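Chains, contacts and geometry: an overview
So the chains spell out like this:
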Amino acid sequence: MTGPARRLPRFPRPARRAPRPPRPSGRLPRLPRLPRPGLPTTFALAFAAIAALVAVLIGALGYDAAARLIRDDETADFGAAVDSVGRQVQREVLFPGDFAGPSGLSADLVRPIRVTTQSLDPDGAVLPGTARLDLPPSPSDHELAHADQPGRTSIGLRHEHREAYRVGVVSLGGRRGAVQIIQQVGPTEKLLTTLRTRTVALVAIVAVLAGGAGRLLARRITRRLVRLTHAAELVAASGRLDVPVPAAGTDEVGRLGRAFDRMLGRLATAKENQRRLVQDAGHELRTPLTSLRTNLSVLPSLDRLPPAERAALMADLVEETRELTQLVEELVALAADRRADEQPTEVLLADVVRQAAAQARRRSDREVVVDADATVVTARPDALARAVGNLLDNAAKFDPAGTGPIEVVVRGPRVEVRDRGPGIDAADLDRVFDRFYRATAARGLPGSGLGLAIVHEVARSHGGTAFAANREGGGAVIGFTLGADGADGPDG
């Protein structure tokens with residue numbers, strides 16, 4: 001029998017450590033960037049800020065000028081009233097009661113608005129019947145009321161009952177009392193406060209109206225720019241090049257729209273040309289590759305072939321390899337145009353033509369006659385040499401019998417290659433410069449159909465054109481011009 005199972009002692013599990021708080025790196029966390037406002041909002045804020053600034057400047061300057069004018073005017077009126085009373089007191093002996101009542105001297109001496117008088121008796125108290133304001137006399141008023149000398153004056157600003165007063169006290173002399181000339185400052189300050197409040201409100205209204213007007217104007221101004229931005233974003237997001245672009249107007253936005261539209265058009269043309277080039281290249285490469293594959297399948301049984309067939313097979317392989325190599329080289333040259341490796345420079349066009357003619361003589365054993373003037377052009381020499389060489393190869397290919405010499409004529413920025421071959425069929429004149437195009441008469445001749453296309457691209461990249469026509473007396477004239485000075489057709 002087995003005894004009861006013994007329980008193993010339980011050990012307390014170690015307490016899990018709390019995760020350590022991340023150490024402060026000393027850098028504050030970056031706040032998320034707020035989206036930038038659009039052009040209409042930016043214009044509206046700019047208009048509102050400028051209008052508010054102008055309104056604040058005009059309002060502040062206007063308020064300061066108005067407040068200074070009003071305060072100076074009231075101060076001048078108060079000073080005139082005090083001077084008037086002082087001169088009258090010095091001219092004659094007056095008593096405090098002389099300023100009491102509507103017919104008193106105060107009616108004649110104190111005329112400004114918001115300026116009044118109170119008479120003080122010899123003790124400095126306000127004489128009953130003359131009190132108009134609850135303004136108690138000060139110790140200096142008592143001193144002037146007891147003064148022996150008439151016309152002594154004291155002017156100051158006093159505050160009573162939360163009101164401000166401008167007070168001038170003139171002694172009557174002989175201890176007969178004094179006269180208080182009082183002007184209330186509170187109504188004027190309230191008027192200026194009201195004016196300041198209205199100025200601030202006007203500034204706010206002007207800023208709001210300017211912001212609204214700026215937004216409306218900005219929407220009108222930036223409407224085409226916003227549409228152009230949407231068009232560019234649609235092109236970037238979808239890759240489509242047929243997006244309608246707003247190109248109206250003669251200002252900078254209109255010019256930008258037309259430039260963007262032309263850019264899209266050129267991109268669409270380049271994309272289409274690239275697609276056609278890939279399709280045509282695939283079609284043209286398929287034939288030599290198929291022939292090579294067929295011939296290569298025969299190589300395992302090469303030893304069993306008769307010597308004549310073996311030599312023909314090897315010659316066929318060499319010829320197909322050469323044509324395939326030439327086709328690939330022309331495709332690369334046509335696609336890349338070799339512009340990145342060669343910079344335009346000033347060259348004597350006759351030298352380029354003579355070098356190309358010398359190479360053509362060695363390749364074809366044909367007579368090539370060069371008639372060139374001393375024209376200097378700014379161009380890419382290798383590209384020009386390739387274009388002239390293609391024209392000479394084309395002339396030699398279509399005039400294999402050599403009925404006459406191949407002529408190269410250079411006049412100014414114009415190059416012509418003339419032969420005495422069968423000429424060009426009228427239906428093929430407009431298509432001889434198309435890529436991979438081969439006329440019916442040329443189907444059995446070697447070539448890729450890219451030679452004249454390269455001539456056309458070289459002429460176009462130099463700002464010129466390529467041309468082809470039949471020659472009087474038989475043969476063809478094919479050439480190109482550089483720049484905008486060339487004619488549209490051959491000379492003859």
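See above for the structure.
If you're wondering where the values come from, they're calculated on a predicted model, not measured in any experiment.

Definitions and limits used
- Throughout, residues of each chain are indexed from 1 in the direction in which the sequence is written.
- Where totals are concerned, whole chains, interfaces and linings use all residues; where local detail is concerned, this predicted model gives features only for residues with pLDDT of at least 70, and gives and counts side-chain atom pairs only at 80 or more.
- Only hydrogens and water are set aside when side-chain values are computed; all heavy atoms of the structure are taken into account.
- Per the convention used, a helix needs a DSSP run of H or I reaching at least four residues, while a strand needs a run of E reaching at least two, with both numbered from the N terminus.
- Note on exposure labels: buried denotes an accessible area under 20% of the residue type's maximum, exposed denotes more than 50%, and partly exposed covers the range between, all computed with a 1.4 Å probe on protein chains only.
- Should any heavy atoms of two residues lie within 4.5 Å, those residues are counted as being in contact.
- Per-residue and other accessible areas follow the Shrake-Rupley method at a 1.4 Å probe size, with only the shown protein chains counted as cover for residues.
- Following DSSP output, two strands are said to pair if at least two bridges run between them.
- Lines fitted to C-alpha atoms define the axes, with helix axes restricted to the stretch in contact, and inter-axis angles between N-to-C directions lie between 0 and 180 degrees.
- Expected span, for any helix, means 1.5 Å times one less than how many residues it has.
- To get the bend at any residue, fit one axis to the seven residues that end at it and another to the seven that begin at it, then take the angle between the two axes.
- Regarding the arc, it is the one traced by the directions from the helix axis to the C-beta atoms.
- A patch is a set of surface residues, each over 30% in relative accessible area and not in a salt bridge, joined within 9 Å for like charges and within 5 Å for the nonpolar side chains Val, Leu, Ile, Met, Phe, Trp and Tyr.
- Salt bridges are defined by distance alone: a side-chain nitrogen of Lys or Arg within 4 Å of a carboxyl oxygen of Asp or Glu.
- Whether a crossing is left-handed or right-handed is set by the direction in which the near helix is turned from the far one by less than a right angle, anticlockwise for left-handed and clockwise for right-handed.
- Under the scheme applied, nonpolar residues are Ala, Val, Leu, Ile, Met, Phe, Trp, Tyr, Cys and Pro; charged residues are Asp, Glu, Lys and Arg; polar residues are all the others, including Gly.
- Nonpolar cores are built from buried Ala, Val, Leu, Ile, Met, Phe, Trp, Tyr and Cys residues. Side-chain atoms within 4.5 Å join them into one set.
- Here the angle decides the label: under 35 degrees means roughly parallel, over 145 means roughly antiparallel, 65 to 115 means roughly perpendicular, and every other value means oblique.

What follows is about the overall build of the chain. A count of helices and strands for the chain gives nine helices and eleven strands. Here the chain holds 492 residues, and 36% of them are scored as buried. For the chain, contacts bridging at least 24 residues in sequence account for 63% of all contacts bridging at least 6. Accessible surface, the chain: about 31,000 Å² in total, of which carbon and sulfur atoms supply 57%.

The next subject is the sheet that holds strand 3 (residues 163–171). Within the open sheet, the four strands sit side by side as 1-4-3-2. Their pairing is antiparallel. Where the open sheet ends on each side, the last strands, each with one partner, are strand 1 (115–120) and strand 2 (153–160). Looking at each pair of strands side by side, their axes are set apart by 25 degrees on average, direction ignored. Examined bridge by bridge, strand 1 and strand 4 (residues 178–184) share six bridges and lie antiparallel to one another. When the sheet's bridge partners are listed, Gln118 is paired in strand 4 with Gln180.

This part covers helix 4 (residues 186–238). For helix 4, spanning 53 residues, the distance from its first C-alpha to its last is 72 Å, which sits close to the expected 78 Å at 1.5 Å a residue. In the structure, helix 4 departs most strongly from a straight axis at Thr222, where the bend amounts to approximately 55 degrees. Backbone geometry just downstream of helix 4 places Gly239 in the positive-phi region, at approximately 80 degrees.

For helix 7 (residues 349–364), with 16 residues, the first-to-last C-alpha span of 23 Å sits near the 22 Å given by 1.5 Å per residue. Restricting attention to buried positions, one finds in helix 7 the residues Leu349, Ala350, Val352, Val353, Ala356, Ala357 and Ala360. For helix 7, the arc enclosing every buried residue in end-on projection is 155 degrees, short of the 170-degree limit, so these residues lie on one face. Exposed and facing more than 90 degrees away from the buried side of helix 7 are Gln355 and Arg362. The inward-facing, buried residues of helix 7 contact strand 5 (345–348), strand 6 (368–372), strand 7 (376–379), helix 8 (381–398), strand 8 (406–411) and strand 9 (414–418).

Our next topic: the sheet that holds strand 9. As summarised here, the arrangement of the five strands in space is 6-8-9-11-10, forming an open sheet in which the pairing is mixed. Pairing within the sheet leaves two strands with one partner each, and these edge strands are strand 6 and strand 10 (466–470). When the angles between neighbouring strand axes are averaged without regard to direction, this sheet yields 15 degrees. Against the sheet, helix 7 touches strand 6, strand 8 and strand 9, its axis set at about 180 degrees to strand 6. Most of the contacts of helix 9 (residues 451–461) go to strand 11 (residues 476–481), to which it runs at about 30 degrees, and overall it touches strand 10 and strand 11.

To continue, consider a nonpolar patch on the surface. Taken together, the side chains of Phe43, Phe47, Leu217 and Ile221 present a nonpolar region at the surface, about 310 Å² in accessible area. Going through the elements one at a time, helix 1 (39–91) and helix 4 are the ones with two or more residues in the nonpolar patch. Turning to its location among the elements, Phe47 is positioned in helix 1.

Running from N to C, helix 8 and helix 9 cross one another at 145 degrees; their axes reach a closest spacing of 9 Å. Crossing of helix 8 against helix 9: the hand is left-handed. Here Ala383, Leu384, Arg386, Ala387, Asn390, Leu391 and Asn394 of helix 8 come into contact with helix 9, specifically with Gly451, Leu452, Ile454, Val455 and Val458. Of the residues that constitute the contact of helix 8 with helix 9, the class distribution is eight nonpolar, three polar and one charged.

This next bit is on the nonpolar core. By size, the foremost hydrophobic cluster in this structure holds 39 residues, and its most contacted members are Leu384, Leu392 and Phe480. Here this core gets eight residues from one element, more than from any other, and that element is helix 8. Residues within four places of Leu384 in sequence aside, it is in contact with Val347, Leu349, Val352, Val377, Ala379, Val458, His462, Phe480 and Leu482. The next biggest cluster of nonpolar side chains, apart from the first, holds twelve residues, and it includes Phe78, Ala81, Val170 and Ile181.

Time to look at the packing of helix 7 against helix 8. At their nearest, the axes of helix 7 and helix 8 sit 9 Å apart, and the two run at 40 degrees to each other. Judged by the angle between their axes, helix 7 and helix 8 are oblique. Viewed along their axes, helix 7 and helix 8 form a crossing whose handedness is right-handed. The residues of helix 8 that touch helix 7, namely those facing Leu349, Val352, Val353, Ala356, Ala357, Ala360, Arg363 and Ser364, are Pro381, Leu384, Ala385, Val388, Gly389, Leu392, Asp393 and Ala396. For the contact of helix 7 with helix 8, the per-class residue count stands at twelve nonpolar, two polar and two charged.

As a further point, take the pairing of strand 10. The buried fraction of strand 10 amounts to four of the five residues, a majority that puts the element mostly inside the structure. Taken together, the five bridges between strand 10 and strand 11 define a ladder with antiparallel strand orientation. The partner of Ala469 across the bridge, within strand 11, is Val477. Between the antiparallel neighbours strand 10 and strand 11 lie five residues, among them Gly473 with a positive phi of about 85 degrees.

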